[in-house]
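# Examination of the molecular architecture
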Amino acid sequence: MSRWWPALTAQGLGWILAMFIVRELEPAWQGTVLEAGLAGAWAALLSHRLREPAWRSPMQFAFSVALYAGQHSVVPPPLWAGAFAISMLLFGGGLTGRRAPLYLTQARAVDALLACIPENLDGVCLDVGAGLGSFLLQVAPLRPRLTFRGIERAPLTALLGDLRCRLRACGRIGLGDLWHADLSEASVVYAFLSPEAMEALWTKAVQEMRTDTWLVVNAFAVPGQTPERSERYGDGESEVVYAYRLPGPGRAAGRADPAGARPADAAMGSRRSSAPR
Ligand SMILES: C[S@@+](CC[C@H](N)C(=O)[O-])C[C@H]1O[C@@H](n2cnc3c(N)ncnc32)[C@H](O)[C@@H]1O
């Protein structure tokens, strides 16, 4: 089933509820921005109740208000078109396929990342879905033996990220689709994507990466695989970095984790496991 239905349901029900409430209790709000704000508040709440990702609630609110602004010509049409184009160039990378929107590797994840990226490793570290370069900028100075590169699908994001990384000599980010990237040269692939992407990424990494190279992932564990190491960097369920050692092309796809360890369980188990060397 399409994943759009919860978003549409929240937005549609939000407007129905707002229009009903305004008609019954506050007719003076009809057709005003207050009615749109009420619809947005309902849509945000419903989005949360439908277990949509947290970032969708503010988007639902903004969408209702934007609908009002669009209808009442508050914003001139060329401005809408410009804002839409810029949004697509910045955030478009996460809209299709295995949806991985733009959010950034946080500074507090850096220690966990360093614990998962062996210090004595040479070669290329590739950030697949590099965004604005937050991973490269924070980790490249601390792992000088590695050459850092990134690949990013959203054009404006790739351009800005590449500029930031080049200015601080932290590697390069190229425009492209990670699913068409060649991972065979990488000693480490870093991914901060989405739950939907992890299984396919693992399959791709196993097919292409050399034996004893590393897939390091932020927040979303690979289903059914036991990480060599995992490191927490916060109390949230997804605030974990996982390091998987690759078996090499043509080998078995890693050790299966029969319990299908949830992120938090895996992280706790990992504290007993040894650091990657
Ligand atoms: C969660 S962000 C991570 C950004 C960066 N790695 C960081 O840690 O700060 C995910 C990024 O992956 C990009 N992305 C999603 N699908 C992609 C694909 N198929 N190829 C390349 N980039 C992709 C999105 O545009 C987004 O910028």
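Our structure's up above, just so we're on the same page.
These numbers were taken from a predicted model, which means no experiment stands behind them. (Residues numbered from 1 in each chain as written. Predicted model: local features only at pLDDT ≥ 70, side-chain atom pairs only at ≥ 80, totals over all residues.)

### Describing the overall build of the chain
- Looking only at helices and strands, one finds nine helices and seven strands in the chain.
- Within the span of the chain, comprising 277 residues, buried residues form 38% of the whole.
- For the chain, the share of sequence-separated contacts (at least 6 apart) that also reach a separation of at least 24 residues comes to 66%. (Helix = DSSP H or I, 4+ residues; strand = E, 2+ residues; numbered from the N terminus. Buried ≥ 20, exposed ≤ 12 C-beta atoms within 10 Å, placed from the backbone. Contact = placed C-beta atoms within 7 Å.)

### Observations concerning the pairing of strand β4 (residues 186-191)
- β4 sits mainly inside the fold: six of its six residues count as buried.
- In terms of strand pairing, strand β1 (residues 123-128) meets β4 through five bridges, oriented parallel. What sits directly across from L126, in β4, is V189.
- Taken together, the four bridges between β4 and strand β5 (residues 214-218) define a ladder with parallel strand orientation. Each residue of the ladder has a partner; that of V189, found in β5, is L215.
- In this fold, β4 hands off to helix α8 (residues 198-208), which returns the chain to β5; that crossover is right-handed. (Pairing = 2+ DSSP bridges. Right-handed = clockwise from strand over helix to strand, strands pointing away.)

### Observations concerning helix α4 (residues 77-91)
- In this model α4 runs 21 Å from its N-terminal to its C-terminal C-alpha over 15 residues, within 8% of the 21 Å that 1.5 Å per residue would give.
- In terms of burial, α4 is largely open, as just zero of its 15 residues are buried. (Expected span 1.5 Å × (residues − 1).)

### Quick notes on helix α7 (residues 155-167)
- Here α7 spans 18 Å end to end across 13 residues, near enough to the 18 Å set by a 1.5 Å rise per residue.
- Along α7, the residues that are buried comprise T157, A158, G161, D162 and C165. In a view along the axis of α7, the buried residues occupy a sector of 125°, so they form one face of it.
- The elements touched by buried residues of α7 are α4, α6 (134-139), β2 (146-152) and β3 (172-175).
- A positive phi of about 50° marks A169, the residue just after α7. (Arc of directions from axis to C-beta.)

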